[in-house]
Amino acid sequence: MKTNELLDSWSISGTDLAEFKGNVEDIAQSTYVANVKTCDVTMLHLQGVADKKLVFNVLSKQQIEERKSIGTRLDAEALAKNGASEDFLAELQDTKLMLRLNQEGAQREDVYFTSSHLSRDLAARAELAGDAVYDPTIERDTYIMSRYVKLPETVMAVIRRNSGENNAIHKVFAFPSAAYRQIDQRLLLDIIDQLEMDLGTCECRRWTMNHYLTQIWLSFPEKAKDVSDVYGLPDAFTPGVLLETSDTGDSSVRVIAFWERTRDSFARLGGYEREHRGNISEVDILANMKKRVMPKYTELPMRLCELLRIDIPDPEAALERIFKMVGMKQAFGKKRTENLLDIMTGLVASSASMTAYEMAMMFLDLPTRFEMDSLVREAAENIAGRVPFLDFEKIAKSSTAVTML
C-alpha cells in the first residue's frame, strides 16, 4: 500500500471487480501479524514538537517498575525522508502514540505508527473499558502500560506497511488476543471463484474497503433465467451474495446469500460465518461455505410458490400484524415505522384481498426505501428476507375482520 493509504481515513469503493481484486491483493501483501508480549511493549506518548523533533514520553516496563519518567525525541524530517507524509505526521498529532514492539521473529526494530482504532484493543488487553479509552492522554497510556506490566499476556499485532523500496512505514491497526488467527483477505477471491463455478459468471454490484472492513456485493444473472424457468414466478429474481471480512477483528469472514428483487435491492437469507480463531483451513471454509450457503438459493423461490396459493382477506390488518412480528419499530424507530405503515397501508387500501405472495413482494421491495443509511438498509434487507417465511396462513386467519350479524 502507498503511505497515505495507511491513514486511518483511507476508504475506497467501486463497481469494477478487477479493481476490487487488485486492492485485495494490495492490502493482503501489505499486512502481517506478529506475536507480542504486552509487558515488552514500549509506548511512546507524543508530548509535542520542538526544534523539528517529535518529543515523546517513554512508557515501558522499566519506567513503570522504577516509577520514573524519561523522554525521547524522533527527527520529524528523518521520518519524512523514510516516507511519512505531512498527512501521516498530522495524524500522529491526533493519535499521540507510537509503539516499540519486542516481537518474536521481528521484521523490524524501529517504532511503529498506530491507528486511532487501536485504542479499543490496547484498552481491552488491559481490561479497561468505557469511552475514555479513546482519549489519547498520558494518563490513559500510563495506566494501560502499568496493567501490561502487572498482567502480561501474549497478543497478536496486526500491522500494515507501505510498499515499494522505501517500506519504512509500519503501522499497527489491531491488537487482538492470542486466540486470534489471521485469515488472508485473498480468501474472498477464492470464494468468488467457487461461487462462479456453482452459479455462473458474477456481476459486481458494488464494493467498499477500508482498514477495518472489506465488502463486496455480487449477483449471478445467468442463474436468474433458470430460476424463472423452474419456478414460474410472476417476478424476476437474481441470486447474489455479500462477502465481508476484516483482519482487525471488526468482522468475521461472512458469506451472506441474498436474492436481488430489483437492481441493488437485496433480501438477505443468512449464510456462513467464520471467526478469526481456532484451527483455520481455507479448504474447510470453502467447503462449509458451499454446504451452508448454496441451499439458501432454493428456499425463497420455493416459498414464494407456496405464497401464491394463500389469500389474505384483510391486507391492512395483516400488514399491521407483520410489522409487529418482524419488529419494525425496533429496527427503524417509532416515527419511521409509523410513516412506513402509512405508506404501505395506502398501497393495499384499495384491495379487497391480496395473496401472501403480493404482500411478501411489498417487503422484498422495502430496502429500496433506504438508499442513504447503511445500517437501516441492512435491517431492511434482513426483514425482507424474513417476511416470506412467516406463517401467512396464521396471519390470514388472525387478521380476518369479524362481521357482526
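Overview of the structure. (Residues numbered from 1 in each chain as written. Predicted model: local features only at pLDDT ≥ 70, side-chain atom pairs only at ≥ 80, totals over all residues. Heavy atoms only, no water.)

**Quick look at the overall build of the chain**
Looking only at helices and strands, one finds 16 helices and 15 strands in the chain. By principal-axis analysis of the C-alpha atoms, the chain measures approximately 90 × 50 × 35 Å. Relative to its 405 residues, the chain shows a buried fraction of 50%. Intrachain contacts of the chain at a sequence separation of at least 6 include 67% that bridge at least 24 residues. (Helix = DSSP H or I, 4+ residues; strand = E, 2+ residues; numbered from the N terminus. Buried < 20%, exposed > 50% of the residue type's maximum accessible area, 1.4 Å probe, protein only. Contact = heavy atoms within 4.5 Å.)

**Remarks on the environment of Val 149**
Looking at where Val 149 falls in the secondary structure, it is placed in helix α6 (residues 138–150). Considering only alpha carbons, one finds Val 149 and Glu 320, 171 residues apart in sequence, at a separation of 58 Å. Leave out the neighbours within four places in its chain, and Val 149 touches Cys 39, Lys 61, Ile 64 and Glu 65.

**Some details on unusual backbone geometry**
Phi is positive for Lys 52, which is not a glycine, with a value near 60 degrees. Looking at where Lys 52 falls in the secondary structure, it is placed in the loop between β2 (31–50) and β3 (53–59). The phi dihedral of Arg 67 is positive, around 50 degrees, even though this residue is not glycine. With respect to the helices, strands and loops of the structure, Arg 67 is situated in the loop between α2 (61–66) and β4 (70–75).

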